[in-house]
Structure formats: C-alpha cells, structure tokens
Amino acid sequence: MKTTKWPQRLPIWAVGYQTGAYLSLSLAADGSIMEPRKFFNFFLGVTLAFAPVNGAYDKERDALLKGTFPQDFIWSSATAAYQIEGAWNVSDKGPSIWDTLAHQGRVNNQDTGDVACDSYHKYPEDVALMKQMGLKYYRFSISWPRIFPTGEQQDGVNQDGVDYYNRLIDELIVNDIQPMVTLFHWDLPQVLQDRYGGFLNNHTNTTVIHDLFGDYARFLYQNYGDRVKYWITFNEPWITAWLGYGIGNFAPQHNEPAEGQYKAAHNIILSHAKAYHIYDDEFRAAQGGQVGITLNCDWGTPKTPADADAALRYVQFFLGWFAHPIYKNGDYPEVMKTTMARKAQEEGRTTSRLPEFTPEQKLSISGTGDFFGLNHYTTVEVTDACCTPIENPNYDTDKDVGTGHAPDWPRAASSWLYVVPWGIRNLLGFIKEEYGDPEIYVTENGRSDHDQDPAIMMDMERICYYMMYTNEVMKASNMDNVKVKAYTAWSLLDNFEWLSGYSERFGLHYVDFNDPTRTRYPKASSVFFKQLVRNNGYPEGSEFTKYVENMWYFCHNTTEAEVNGYTGGASQISSLFSLFLAIPMMIAYSLIA
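Residues numbered from 1 in each chain as written. Predicted model: local features only at pLDDT ≥ 70, side-chain atom pairs only at ≥ 80, totals over all residues. Heavy atoms only, no water.

- Taking an unreviewed UniProt entry as the reference, the protein is identified by name as beta-glucosidase belonging to Branchiostoma lanceolatum.
- Among the UniProt annotations of the protein, the heading Subunit (unreviewed entry) holds the following wording: "Homodimer."
- Under the heading Sequence similarities (unreviewed entry), UniProt records this for the protein: "Belongs to the glycosyl hydrolase 1 family." (UniProt positions renumbered as here; feature names shortened; annotations may be inferred.)

## Quick word on the packing of aromatic side chains
Here is step 1: Applying the stated criterion across every chain, the model contains 64 aromatic pairs.
Here is step 2: On the numbers, 5.0 Å between centres and 70 degrees between planes, the contact of Phe 73 with Trp 75 is edge-to-face. An identical accessibility class is assigned to Phe 73 and Trp 75; each is buried. (Phe/Tyr/Trp six-rings, centres within 6.5 Å; stacked < 30°, edge-to-face > 60°. Buried < 20%, exposed > 50% of the residue type's maximum accessible area, 1.4 Å probe, protein only.)

## A short note on the sheet that holds strand β7 (residues 299-302)
Here is step 1: Reading across from one edge, β7-β9-β10 is the order of the three strands in this open sheet, with mixed pairing throughout. The open sheet is flanked by β7 and β10 (401-404), the only strands paired with a single partner. Here the average twist between neighbouring strands, direction ignored, is 40 degrees.
Here is step 2: Of the pairings in the sheet, the one linking strand β9 (residues 379-384) to β10 comprises four bridges and is antiparallel in character. Bridging from a neighbouring strand, Thr 383 pairs with Gly 402 of β10.
Here is step 3: Helix α13 (residues 308-329) contacts β7, β9 and β10 of the sheet and is inclined by roughly 170 degrees relative to β7.
Here is step 4: Packed onto the sheet, helix α17 (residues 422-434) meets β7 and β9 and runs at close to 100 degrees relative to β7. (Pairing = 2+ DSSP bridges. Helix = DSSP H or I, 4+ residues; strand = E, 2+ residues; numbered from the N terminus. Axes fitted to C-alpha atoms, helices over the stretch in contact; angles between N-to-C directions. Contact = heavy atoms within 4.5 Å.)

## Brief notes about the sheet that holds strand β13 (residues 484-490)
Here is step 1: Overall, parallel pairing links the eight strands, which are arranged β2-β3-β4-β5-β6-β8-β11-β13 in a closed barrel. With direction set aside, neighbouring strand axes in the sheet form an average angle of 25 degrees.
Here is step 2: Sheet contacts for helix α10 (residues 237-245): β4 (178-184), β5 (230-235) and β6 (290-296); angle to β6, the most-contacted strand, approximately 45 degrees.
Here is step 3: The sheet strands contacting α13 are β6 and β8 (372-375), and the helix crosses β6 at an angle near 160 degrees.

## Quick word on the pattern of salt bridges
A side chain of one charge can pair with a side chain of the opposite charge when the charged atoms of the two come close.
Here is step 1: Per the counting criterion, the structure on display carries 44 salt bridges.
Here is step 2: The closest approach of N and O atoms between Lys 337 and Asp 331, which form a salt bridge, is 2.8 Å.
Here is step 3: The class for Asp 331 is buried, based on a relative accessible area of 7%.
Here is step 4: As a salt-bridge pair, Asp 494 and Lys 523 come within 2.8 Å of each other at their nearest N and O atoms. Of the two residues, Asp 494 sits in the loop between β13 and β14 (504-505) while Lys 523 sits in the loop between β16 (520-522) and α19 (524-535), which places them 29 residues apart along the sequence.
Here is step 5: Residue classification places Lys 523 among the buried positions, given a relative accessible area of 1%. (Salt bridge = Lys/Arg side-chain N within 4 Å of Asp/Glu carboxyl O.)

## Focus: the packing of α10 against α13
Here is step 1: Contact geometry of α10 with α13 gives a least axis separation of 10 Å together with a crossing angle of 120 degrees. It follows from the interaxial angle that α10 and α13 lie oblique. Pair α10 / α13 crosses with right-handed handedness. Judged by residue contacts, Pro 237, Trp 238 and Ala 241 of α10 engage Phe 318, Trp 321 and Phe 322 from α13.
Here is step 2: Split into classes, the residues belonging to the contact of α10 with α13 amount to six nonpolar, no polar and no charged. (Parallel < 35°, antiparallel > 145°, perpendicular 65-115°, else oblique. Left-handed = near helix turned anticlockwise from the far one by under 90°. Nonpolar A, V, L, I, M, F, W, Y, C, P; charged D, E, K, R; others polar.)

## As for the side chain of Arg 313
Here is step 1: In this structure, Arg 313 sits in helix α13.
Here is step 2: Among residues more than four places away in sequence, those in contact with Arg 313 are Val 335, Thr 339, Asp 384, Cys 386, Lys 399, Asp 400 and Val 401.

## Regarding the pairing of β8
Here is step 1: Residue alternation in β8 divides its side chains into two sets, Phe 372 and Leu 374 and Gly 373 and Asn 375, and both sets are buried.
Here is step 2: Relative to β8, β6 is paired through four bridges, and the arrangement is parallel. Across the sheet, residue Asn 296 finds its bridge partner in β8, namely Asn 375.

## Some words on unusual backbone geometry
Here is step 1: Residues Ala 251 and Pro 252 are joined by a peptide bond in cis, for which omega reads 15 degrees.
Here is step 2: Examined against the element boundaries, Pro 252 turns out to sit in the loop between α10 and α11 (260-282).
Here is step 3: The peptide bond linking Asp 453 to Pro 454 adopts the cis configuration, its omega dihedral lying at 5 degrees.
Here is step 4: Take Pro 454: it is sitting in the loop between β12 (449-450) and α18 (460-478).
Here is step 5: Even without glycine at this site, Ala 87 takes up a positive phi of about 45 degrees.
Here is step 6: Within the secondary structure layout, Ala 87 lies in the loop between α3 (81-84) and α4 (97-103).

## Side note on the pairing of β4
Here is step 1: The buried count for β4 comes to six of seven residues, which makes it a mostly enclosed element.
Here is step 2: Taken together, the five bridges between strand β3 (residues 137-141) and β4 define a ladder with parallel strand orientation. Directly across from Tyr 138, in β4, lies its bridge partner Pro 179.
Here is step 3: In this structure, β4 lies alongside β5, joined through four bridges in parallel fashion. Bridge pairing in β5 places Val 181 opposite Trp 231.

## Thoughts on the confidence of the model for the protein
Here is step 1: Put simply, the protein has an average pLDDT of 89, and 85% of its residues get 70 or more.
Here is step 2: Across residues 1-54, where pLDDT falls below 50, the model places 110 contacts with residues more than four positions away in sequence or in other chains. (pLDDT = per-residue confidence, 0-100.)

## Observations concerning the state of the cysteines
Here is step 1: The full count for this structure, using the stated rule, is two disulfides.
Here is step 2: A sulfur-sulfur distance of 1.3 Å marks the disulfide that ties Cys 386 to Cys 387. Between Cys 386 and Cys 387, the S-S torsion sits near 60 degrees, and that sign places the bridge as right-handed.
Here is step 3: The partly exposed category is assigned to Cys 387, whose relative accessible area is 37%.
Here is step 4: Paired by a disulfide, Cys 464 and Cys 555 hold their sulfur atoms 2.0 Å apart. An S-S torsion of about -75 degrees defines the bridge between Cys 464 and Cys 555 as left-handed. (Disulfide = S-S within 2.5 Å.)

Printed below as a string of structure tokens:
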C-alpha cells in the first residue's frame, strides 16, 4: 500500500488569512502538499459541513465553568499493551487470548496486534510525545504473557519482557513522568485459558486463578515497585466478564450468556483482592504506593420519571457489580441479589445464577481500593422492562431494563459512543454518594474518529469532546466537591481498537499503520490537550479560556444569542464565526507547542 507522505510537523488550524506558511502544511488526496488557496477552499468546505450536535443546550447545566483544578491534579494519557506494543512473539513471549482471536481472523479487516504501533521498539518516541505535551503521568499496561509466557511463574520468566518494562519505566522517570501501571488489560495468557478456563477457574483447586494472578502481581511489585507508585489490578472487568465469558465476542470467546459472566466476574473480584492484599502485606510499607481497580460505566439516565428506579438498577448491575463488593461491603448490590433470586425462582432453579461470596471472602474483598479508577465515555437512556420471564436469560435481560439514546445525542465513529458530556458529572456524583466519597481517578475518557483518507488531523470533534467532558469533571470537582484526582485521555496514540481493528482512531497522535516505521504525527487535539494541561483547566481571563469561550457554542451547535433567547436564522454562520475567531489562538499555540 502507498505510504502517505506527512510533513515533519503538522501545525494546527492552518488557514489562508493567517500565514501562507501554515497553509501549505496540509495534504492533498494524493499525499502531496496543497497550494494555499486550494487548502483554504478545502478547509472552508470541511468546516461548513461540520456541525457538531451535542444535545439540546441547557443554559444552566451546560454553561462553561471557568476555574482550575487543584494544584496536585493528575493529567495523563493512556494505552494498553496489546493495543500498542506489537512484538507479539518476540523472544519468549507467550501467546495471549487476543493473539488467538486476531489470528483466527475475527477482527475487522482481519487486523491483528502483531505490530500495532510497534511501541515495544518505539517507546522512547512515545515518551517524547508525552513530554512534549507536558504530561507528568502515563497509564500503560503490562502484558502477562510477556512476563510469564504460560501465565505461571513456575514455568519460567521471560527476562527480555522484564527488561522491556524496566527500560520503559526508566525512560518515563528520566523524563519526569510517573508510571501508572495496569496489571491486566484483557490479554490473558492463552495457556491459562486452556489449562484452567481462565477466569472461569475450572479446576479442582478453586483458588488457582486467584493464586496465579497473585504470583504475577507479586512479581511486578518486586521488580517495578521501587519506581511505580500507582497500580491498577484490572481494567474494565465488566468487558472481560460479559464480552469475553458471557456472549463471547471478545477474547477468550466463551459463550455462556446465562452464567459465564457471573462466574468470571466472581473470580476477577477475588483475584483483585488477592493482589491488593499482597501489596498491602508485603510491599506497601517499603514502597509507599497505591493499588486500585479501573471500572467502566456508561451513565444511565431515566427516559421518563417513571424509569428512575430502572436507571439506578442499570447502574448497579453495571458499576455496582464490581464497585459494591470492593468499595462498600464485600458483596454484590442488594438489587442485584434480589433480582437474580427472583429470576432463579421464575426459571425453576434451586440457586441463583449469581454466585455467593463466603463471609471470609467478603471481609477480604471489602475496602480493597486505595482509589476508584473510572473509565467513562458515554451515557444511555434507560426504560423499565420489568418483569417478564425470559426464555433464554442473559446478563442484558437480567437487568430488566431497555436502553437507547436521545435523538439529539451525536455519535462518534464507535457505534456505542454517544457524546453526552453531562453524564460524567452525574456518574462522578453517584460514586461520591454511593461509595463513601473515594478519591476518583478518571483513567480513560475519549472519542473515536473513523480511519479515512485524508486523515483527520484537525480533529475538532475530539477537541470539543475533551473540552466539554473535562469541564464537566471540573464542575464535579469544584462545584459538587467530588474528590476527582486525575483525568486520563484515551488515547496517546491511534491503536488497535479490539474487534474494530484499525478502523477507529482514538489517538491524540495519528499513527500511519501503512508505514513500516509506524510514524506518529500530532493531531490538533494534542495541541489543545497540552494547553489544557498547562492551564490546569479553564482559568478566568487566560488566552486559552478565551479560545474555549469562542469554541463553546460552536461545540454545542448553538450561539450565544440562541442560548439567551434571541433566535434567528444565522445560527450556523454565527457558530462558525466563533470558530474562526478561535483559529488564530490555535495557530499561536501551535507555534509554542
């Protein structure tokens, strides 16, 4: 395939009435550089066609909050091992369940993570990108089969894998960037799936998977804990449980939608508790780090007032499934237990499909989170669907709800990702009230674009997304007194997006997957995010905040006149005028970026 010829540095918001030098740095369809006049016409056409629609604007709820985050607020970006590392069989690395799935041709376009972003070899470039953006933290995951090829330490350690993560961590530290390490981001060693059923734990020794995960965690603490002070045991166990062991479209492709997800989740929670206590008992005193877990949740908002209980039940089945045992009392939410008990009776079962923790396990699980890791992208509308018996029950039907989306919510490239900024504030407030006001680390938030030609480098919709969502996080922090300690952009790089392969791009930096060298290029959003980090929010009177003010109504597809009740026929033109007022600022920022 033809490799796109990119300039060395792509400045932002290059338009004709500013400087011809910036105009020239844009690509024509054939990869050549556009002439300034042609580019201006191209840019104007793209801009006029672009009309972000982020739901009906609510003057009070959606207003821009000016201010800053606390001085010690953590700004970070994130990646995951299988999605960026490549080097799938380098040295003695063992296969993971995602290697298996991808090599079976089950990913869009038969893509694989065999090379991905090649960060196994290009990690110094990735660290340089973070440093250039002014980031002081980086969340990444360690590949279990790169450390223990079979998943079991007794079978041997891959020293090359151990050395790779040492080099990465050292490179971060030298550049004044703190590592935030996820132990498990879905790439289970295939051998553990074959031997024990993975997190189904099909073995006469009922604790085998917990012990093996504990051994893996202990090894990482021993080898990296002198430099790593933030540990995340599992990333989004909801995905592993439901998509991996329930409906089985994700690895390891186990299809058992009535019970598989509940078995897997049960063992993941116990494995998390095991890893937490190992750190607490053996390493905390000497290393002084923190251990938590990252849970994902789509906020559920009731479609009508009558659906309020259903919306709460949706969130408890989603987030509470894991958060209630870990952050509350060691057990599943009461609404989950009573709902599943009723369904067992309706189905003629003698026991619930939801497993039970022993009293000893409840004590071991409760309180095993030094912080609450949260991944959030989107919101759903919830309707009550209780309580019709289902012939083929599964996790989705167990919740007794229906889900949908309001017609004025825009969708990103990912079919599941609707842009609803206020959802994250509601969710953060729920966590504060429900789980005893924990310290919350937003460990992922971001927006996808389609992979297309020409590449989307002026990714305005992503800028709008980050602008609106981070402002909602600041409202939660500064207005609602939620202890939000961190915000993490997903993702630093375009990468392997699971079943979608390389067809969806979440990155602040573009990666050319047709180029064997996997060259990285900054998108406009990376410049915006750098300024957001530098300003630590939206300080009153700053040039950055003035830029945001000019963009604010454009991002909401409205105008200040309309918001204040002066409607007219020039809404889109006025919104675009605000955009063009903002362009010179972005050019200035690109010069100092």
